[in-house]
Every structure is written in structure tokens, then in C-alpha cells.
Amino acid sequence: MTAQALSHTETPTEPRRQAARPSDQENAPLLEIRGLRKRFDLSGDFLEQLRFKGGRLVRHQEFVHAINGVDLSIRRGEALCVVGESGCGKSTVARTVMGLLSPSAGEIHYDGTRIDDLSPKALLPYRKRMQMIFQNPYASLNPRMTIQQTLEEPIRLHHPDWDRERVTAKVREVMASVGIDPEWGARFGHEFSGGQRQRIAIARALAVDPEFIVADEPISALDVSIQAQVLNLLMDAQQERHLTYLFITHDLAVVEHFGTRVAVMYLGTVCEVAPTRTLFATPRHPYTQALLSAIPRLEDDRPQPIRLTGEVPTPVNLPSGCVFHGRCPHAEARCRREVPRLVAQADGSQVACHGVEEGRL
Amino acid sequence: MALLEVRDLDVRFALRQGEVRALRNINFTLDRGERLGLVGESGAGKSVAAFSLLNLIAKPGYIAGGSIRFDGQELIGLGERRLRRIRGNRVSMIFQDPMMTLNPVLTIGEQMVECLKAHRRIASREARAIALHKLQQVQIPSPETRLDQYPHELSGGMRQRVIIAIALLLDPDIIIADEPTTALDVTIQAEIMTLLLELCEKHNVGLILITHDLGVVSQVTQRMLVMYAGRVIEAGPTREIINDPQHPYTQGLMNALPQMATPGSHLNQIRGSMPPLSQLPSGCAFHPRCDFVTRADGSERPACSRQVPDFVASGNCRVACHMVAEMLAQEAATEEDRP
């Protein structure tokens, strides 16, 4: 199935021609990722790639295949959560969307415009509309800048015509909106606790009034009681500012609470996309089922996880066929041979699994 | 008598800015084969507690007072040579980061044999056989090959299995596990936790599990201690605390979990953050963040900011909270009024 067809299966009730009408603009995807691939070269420069083999000089190249053909679309106002274990490519997706990494193949469309091949100058207006929040607030704030300077920087970049009063007023406004006392602008990042730092990082993202925010594990580095504060802040900001989120996390409890839709990733591919409630009620993909069963729940006395055999393969030597077949309890010959595609299901989810497609799971 | 008995443990750090009391009045016991959870946020003192049990506190920290009795023997003040006979042998530890614990220049087999030889007079061949047997117990695929591999050749989950095998090597009475699965992915975490639980049950090994994850504690341990700012604030059977937490901090911690709220709704956050140990507020350390400092009728409860709360028994649990103490006293008074 092509990426084009995919975006249609998500809204099956709507005929195609209606999408162009302004009243339906709300339903058109804000961000569309088509066939995205990203590989990282491990082999160094040309001379380092040369090897002697059987008396001959051969060129030897090795790649980390971080993302292998990801199709996703994010509609206005939703919070799409991408979950998966470390090394599944979820952060690479986030960084590629933001233009921090350039894709090896595939396209990224933002509000109808292709943005992955734009020049930095042409991309600037889009950078104002999309902002990012990083995982570690200890690393993402410049230790030599005061909070005032940190928050002024994006405003000055995107609004060069604003005078000083206007910039200062904006900084005070965003500081207040994240619950940081505007009088603290002269302080440095190290004077704040982890939770406060993450609030400042959120304030920096909100300072240019973006419509789309990519948050890469924004609460993983924080303590439980502080996680709740930051999640509440992100949800409030979404309501007040009508934000759209791409939320990267490995914490399924957070996904269940925060996300409107979930994409589960494994080894650089999306194996299931579904509305949050559907995914948690009826996970279809065997990997999703194993992942959900592994969450430590407060209710049961004893963990009953679905045991997966083996280890996650390295993204350097990807397995043939379905990337999950080596650990899947339901794998058959076709799974080892053929890469499964995301197929729309009756309950509104999309699953990339031969077993589900054939109806044997 | 309990296998491990900790009484009034007091650990301090002599810093340039003055002395910081990292742990105060820690009391707990652990029976043979029992599993105990130490829960708290970062900075609560749970790792310091675990380290001080085997006197592994590095300077400027020191144990200022209290008693740690293991199998009838007092560990505080015990000489280093005698402590070494207990450490790793009768009480072993599992740390958070397996790569830090394993020696990168020795093979898995060499490290395991070294550990056995340090505690027992044993031939190398025999030690290797025991090592292999332990690796089989932790369900590592192809254990013979692993013996001759180096730590960097194994994945994170496999390394943590090796660590568990080493912890079990000398058939200890107690394993102290400090955030053993925090560095691992969810599915691997579930596997490792299940394995640890099964092995502890099978060999009747006691477990002290240090974690910030209430879900893990609830699934693995029988009793738990909740720590805040260097003190235990609530202790009791895990089920009872999880189902009905008494201390406002424990309640806040539970209610802050996303799985406790309806999806999309506001989470019940605890305001503020834990104070650093050098700047503890007077009275109950939690009172600046607590919603119950004022009574239901709007009047102040002055004790909260003045006096450190004592433990009161509430059911099978012990809680250090003025509000809970007051409620229990009121209940007792109304009981008495009845003829």
C-alpha cells in the first residue's frame, strides 16, 4: 500500500474531494511522513572503508538502518505518541521531522508543503511553527545563558522587528504560563531543579507560539511527582494554544494517559498505529501485545509478561522479512521472507503483520 | 529472630558546608526469604540506606549511629576483614548499571571464578562448573560460550542476567538490588524482574529491592518502606500500602501515576519538589508540599511545621504523619464514648 493510500484509510468515511474544502482543513494532516528512511554510516571515510580480502582491495561499508520506511500522518490537534524500546528509531523520527537530521529517503510534508528538501532559509518560517522539547533539561539549556537570554533567543530570531519591550513582555508571559516566576529571568539554569528546568525548556518552545511540538521523552529524566506536573503543563498548553504533539516515549502509562493515537515502533519500522483506547483494549500486533503485557501494573500481584524469545537484532544487520520474526511466537515461513505492510483494520487501527492480515492472529 | 535487623540507623555526610544527615532513624527487619521494597524519589536516601547496610558508604559519608544486626551479628564497627566475609558471600548486591559492575577486561568466567575463589577454597575447574550452573539458572542462551566472552559482547539484558548469576554465586541469604532494571527496556525489565523473583523464591533468598517504580514494588515485594528526605514515612505490607496509602506523600505519589487517572484528565500532582537534605524544613519534611497541613474545618495544624511526626500504627502499617495520628486519636476517642 502506498503512503497516499494510507492517509486515506485513516479517514475512511470521508470522500476524497471533500478534503480540499476549507471547512475540512481541520481534518487534513498537519504533518505527513512518507516512506521515511534514515541510515547512519558506520564505516568512516573512503580510506577507512578499504579492506584487503583474498588479495584484493575491496570497499567495505556498514550502515545502521535507524528508520526503514515509516509512514505516519498527524492531524491537527492530536497528540500522536510514538513508543518503542531503545534503538527502535523513535528519536530519529523526531529529529528527522524537525530537520535536525536529513532523511536518507522519503518525504516530510508540513501543512501541505514538502519541507525535508528546503534550504535553511526557506525552512525558517516552518521552524517557528514547529518546536522541540528534549529529554534532558540538564543538557538542553545553555549553562552560560540566563533564563531571560535563553527565552529571548528564539523570539529575537523569529521576530527581528520586535522592540525590546515587546520581547521582554513575551518572555514574562511564557514564563508565567509555565509556572516559573517572571522575576527569576536573571538566574542561570543550574539554579533550578530538574522539573523547573524542563518547564523552562517548554517555555522556550512556546515562546514563538508554535502550532506543532515534538517532545522527545520530555519527562523520562524526572521524578514521578514532577512527571505529573510537567504532563499537566503539556496538556494545559495543548488546550490553551491548540497545539499538535508528536510525543516520543517509552512509558506506556504516559501514552495511555496523554496520547490520542499511538504508533508502536520496532527496529525502525512502525508495526501498529491505532487510536489509544483501541490499542490498549485490543492490541493486534504480537510485539504490541508483548509490550503491553510487560507494564508493571499496580493491580496484579505477579508479573505475567508474554515472554519473547531472543534479543532485539542490531539495526546494522536487519533480519529479512518482518523485523520481528526472530522473536515472534507466531512467525511462519512468509514472515521470514516478506516484509509486512501496514494494513487498515476494521477497528480503525493499522497493523503490519502477516498473521493479522491472514486472519490467523 | 529476623535475619536482618536495622535499628535507628543514622548516616551523615560531613561536607564543607556542614554536616548533612542523609538518613535518620531508619528501622526495619527482614526475615529469611522475605522481599522488601524501598521506594522513594531521587534524593530520598534509598541508595544510601542500601549501601550503608554493608558499610559501603564512601567518605565523606559515615554511619553516625544505630545498629545493623545480620544473623545475630552486629555489622556496625565490624572490622573490614570480617565484613568481607559477609559481603558478596552472604549478602550480595545488584547495581543499576551492569556495565559499571562488570570488569571490562576479564571474561565472564574469569570474574565468576575470581569471586568464588575469594570466598571459598576451591579448584578452578570446580569453580567454573559452579559458574556454568549459575548461568544456566539465569536462563542465558548458550552459557558455555558466555563464560569465555567479555561483558561488551553481551546485550544489556544478558549482562544483567550475568550480574544476577554472580549475585547468586555463593548462595547468599540476602540480595540487595538497587534499581536493577531501570537501565533496561520494558520487555527486558519484565523478564529480569520475573527471573529475580523466581530465583529468590526457589532458593529462599531475601531481597531488598530499591526502586522508584511503584508498579515493580507492588509485583515483587511483600513489604515496603516509603522514604522521603532521608526518613521512612510509611512502612507496612505492600498490598495494604498500594491499596490504601495513609501518608499524604504516598497518596500523592500513587495519585500522580497516569494509570490512576482517567485518560486525558488532569493528573493529581504534588506541588513543589523534594527539598535538598541540607535545607530541610522544620517539623515534618513534607509539610510545605502537603495539602493536609490545614484541617478539614480550615484550622491550622501547628504540629506539622514544628514537630517531626512519630510513627503511629494504622492497621498493619506504620505512618509518620500528624494528620493520620490526629484522625486515629479521634477515632479512638469516639470508640471510648460509646458504652
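Rules used throughout
Residues numbered from 1 in each chain as written. Chains lettered and ligands numbered in written order. Predicted model: local features only at pLDDT ≥ 70, side-chain atom pairs only at ≥ 80, totals over all residues. Heavy atoms only, no water. Helix = DSSP H or I, 4+ residues; strand = E, 2+ residues; numbered from the N terminus. Rg over C-alpha atoms; globule rule 2.2 N^0.38 Å. Buried < 20%, exposed > 50% of the residue type's maximum accessible area, 1.4 Å probe, protein only. Contact = heavy atoms within 4.5 Å. Areas by Shrake-Rupley, 256 points an atom, 1.4 Å probe, with all protein chains shown as cover. Lys, Arg positive; Asp, Glu negative; His and termini not counted. Charge placed at Lys NZ, Arg CZ, Asp CG, Glu CD. UniProt positions renumbered as here; feature names shortened; annotations may be inferred. Pairing = 2+ DSSP bridges. Axes fitted to C-alpha atoms, helices over the stretch in contact; angles between N-to-C directions. Expected span 1.5 Å × (residues − 1). pLDDT = per-residue confidence, 0-100. Buried area = accessible area lost by both parts, 1.4 Å probe. Salt bridge = Lys/Arg side-chain N within 4 Å of Asp/Glu carboxyl O. Polar contact = N/O pair within 3.5 Å; in protein donor to acceptor, adjacent residues only side chain to side chain. Parallel < 35°, antiparallel > 145°, perpendicular 65-115°, else oblique. Left-handed = near helix turned anticlockwise from the far one by under 90°.

Participant: An account of the overall build of chain B is requested, with residue identities and associated values reported.
Facilitator: Assigned secondary structure in chain B consists of 13 helices and 12 strands. For 339 residues, the compact-globule formula gives about 20 Å, and the C-alpha radius of gyration of chain B, at 22 Å, lands near that figure. Referenced to the eigenvectors of the C-alpha coordinate spread, the extents of chain B come out at roughly 75 × 50 × 50 Å. Across the 339 residues that make up chain B, the buried fraction comes to 53%. Residue pairs in contact within chain B that sit at least 24 positions apart in sequence constitute 63% of those at least 6 positions apart. Taken as a whole, chain B presents about 15,200 Å² of accessible surface, with 49% of it coming from carbon and sulfur. Of the side-chain charges in chain B, 36 are positive and 38 negative, and the distance between the mean point of each set is 8 Å.

Participant: Can you explain the overall build of chain A? Please cite residues and give values.
Facilitator: Along chain A, the regular secondary structure elements total 14 helices and 14 strands. Taking 2.2 N^0.38 as the reference for a compact globule, 361 residues should give roughly 21 Å; the C-alpha atoms of chain A span a radius of gyration of 22 Å, in line with that estimate. In terms of overall dimensions, chain A has C-alpha extents of about 65 × 60 × 55 Å along its principal axes. Here chain A holds 361 residues, and the buried ones make up 50% of them. Of all intrachain contacts in chain A linking residues separated by at least 6 positions in sequence, the fraction that spans at least 24 positions is 66%. For chain A, the exposed area adds up to about 16,800 Å²; of that, 50% sits on carbon and sulfur atoms. On chain A, the mean spot of the 43 positive side-chain charges and the mean spot of the 44 negative ones are 5 Å from each other.

Participant: Can you explain the UniProt feature "domain: ABC transporter" (unreviewed entry) in chain B? Please cite residues and give values.
Facilitator: Under the UniProt annotation, "domain: ABC transporter" (unreviewed entry) lies at residues 6-254 of chain B. End C-alpha atoms of residues 6-254 of chain B are separated by 27 Å, and the span's content is 41% helix alongside 27% strand.

Participant: Tell me about the UniProt feature "domain: ABC transporter" (unreviewed entry) in chain A, and please be specific about residues and values.
Facilitator: Within the UniProt annotation, "domain: ABC transporter" (unreviewed entry) is assigned to residues 50-292 of chain A. The annotated region residues 50-292 of chain A carries 41% helix and 26% strand content, and the separation between its end C-alpha atoms amounts to 45 Å.

Participant: Residue-level account of the sheet that holds strand β14 (residues 350-351) of chain A, with values.
Facilitator: Residues and elements named next belong to chain A. Here we have eight strands laid out as an open sheet, ordered β8-β9-β10-β5-β11-β12-β14-β13, and mixed in their pairing. What marks the edges here is a single partner per strand, and that holds for β8 (130-133) and β13 (343-344). In this structure, strand β5 (residues 79-83) lies alongside strand β11 (residues 261-266), joined through four bridges in parallel fashion. Bridging from a neighbouring strand, Val-82 pairs with Ala-263 of β11. Those strands touched by helix α3 (residues 90-97) are β5, β8, β9 (212-216), β10 (244-249) and β11, and its axis lies near 150° from that of β10.

Participant: Can you break down helix α5 (residues 124-137) of chain B residue by residue, with the values?
Facilitator: Residue and element names in this part refer to chain B. With 14 residues, α5 extends 20 Å from end C-alpha to end C-alpha; this agrees with the ideal 20 Å at 1.5 Å per step. For α5, the complete set of buried residues consists of Ala-127, Ala-131, Leu-132, Lys-134, Leu-135 and Gln-137. Just past α5, the residue Gln-139 takes up positive phi, approximately 60°.

Participant: Residues and numbers for the confidence of the model for chain B, please.
Facilitator: For chain B, the mean per-residue pLDDT works out to 90, and 100% of the residues sit at or above 70. Per-element averaging of pLDDT across chain B places helix α3 (residues 98-101) of chain B at the bottom with 81 and strand β9 (residues 223-228) of chain B at the top with 96.

Participant: Talk me through the interface of chain B and chain A; I want residue IDs and the actual numbers.
Facilitator: Chain B puts 46 residues into the contact, and the matching count from chain A is 35 residues. Taking both partners together, chain B and chain A bury about 3,500 Å²; carbon and sulfur atoms supply 53% of that area. When the buried surface of chain B facing chain A is broken down by residue, Val-186, Thr-187 and Gln-219 of chain B rank first, second and third, together holding 18% of it. Our enumeration of links across chain B and chain A arrives at zero salt bridges. Our enumeration of links across chain B and chain A arrives at 11 residue pairs in polar contact (both at pLDDT 80 or more). Those elements that provide at least two residues to the side of chain B that touches chain A are α8 (186-203), α9 (214-220), α10 (238-243) and α11 (248-255) of chain B. Of the residues forming the side of chain B that touches chain A, the biggest block, 10 residues, is contributed by α8 of chain B.

Participant: Before we move on, can you summarise the sheet that holds β9 of chain B with the specific residues and values?
Facilitator: Residues and elements named next belong to chain B. Read across the sheet, eight strands follow the order β6-β7-β8-β3-β9-β10-β12-β11 without closing on themselves; strand pairing throughout is mixed. Each edge of the open sheet is held by one strand with a lone partner, namely β6 (91-94) and β11 (311-314). Direction aside, neighbouring strands of the sheet carry axes that sit 20° apart on average. Sheet topology note: the β6/strand β7 (residues 174-178) ladder contains four bridges and is parallel. Its bridge partner being in β7, Val-91 is matched across the sheet by Ile-174. Relative to strand β8 (residues 206-211), helix α1 (residues 46-53) is tilted by about 150°, and along the sheet it contacts β3 (35-39), β6, β7, β8 and β9. Packing against the sheet, α8 makes contact with β3, β6, β7 and β8, and its axis sits at approximately 155° to β8.

Participant: I'd like a rundown of the packing of helix α4 (residues 108-119) of chain B against α5 of chain B, residues and numbers included.
Facilitator: Residue and element names in this part refer to chain B. Where α4 contacts α5, the two axes come as close as 9 Å, and the packing angle between them is 115°. Comparing their axes, α5 and α4 come out roughly perpendicular. The two elements α4 and α5 meet at a crossing, and its hand is right-handed. Packed against α4, whose contacting residues are Ile-108, Met-112, Val-113, Leu-116 and Lys-117, the element α5 presents Ser-124, Ala-127, Arg-128, Ile-130, Ala-131, Lys-134 and Leu-135 at the interface.

Participant: If you had to explain the packing of α5 of chain B against helix α7 (residues 156-168) of chain B to someone new, which residues and values would you point to?
Facilitator: Residue and element names in this part refer to chain B. At a closest axis distance of 9 Å, the pairing of α5 and α7 adopts a crossing angle of 125°. Judged on the interaxial angle alone, α7 and α5 are oblique. Pair α5 / α7 crosses with right-handed handedness. Of α7, the residues touching α5 (which contributes Lys-134, Leu-135 and Gln-137) are Val-162, Ala-165 and Leu-168.

Participant: Tell me about the environment of Arg-34 of chain A, and please be specific about residues and values.
Facilitator: Residues and elements named next belong to chain A. Tracing the backbone shows Arg-34 in strand β1 (residues 29-41). Judged by its relative accessible area of 22%, Arg-34 is partly exposed. Between the C-alpha atom of Arg-34 and that of Ser-73, which follows or precedes it by 39 residues, the distance is 8.4 Å. A distance of 3.4 Å separates the side chain of Arg-34 from the side chain of His-109, its partner in a polar contact.

Participant: Describe the side chain of Ser-225 of chain A, listing the residues and the values that go with them.
Facilitator: One can find Ser-225 of chain A in helix α9 (residues 224-241). The exposure class of Ser-225 of chain A is buried, given its relative accessible area of 1%. A polar atom in the side chain of Ser-225 of chain A sits 2.8 Å from the side chain of Glu-41 of chain B. Setting aside anything within four residues of it in sequence, one finds Ser-225 of chain A in contact with Glu-41, Leu-253, Ala-256, Ile-270 and Arg-289 of chain B.

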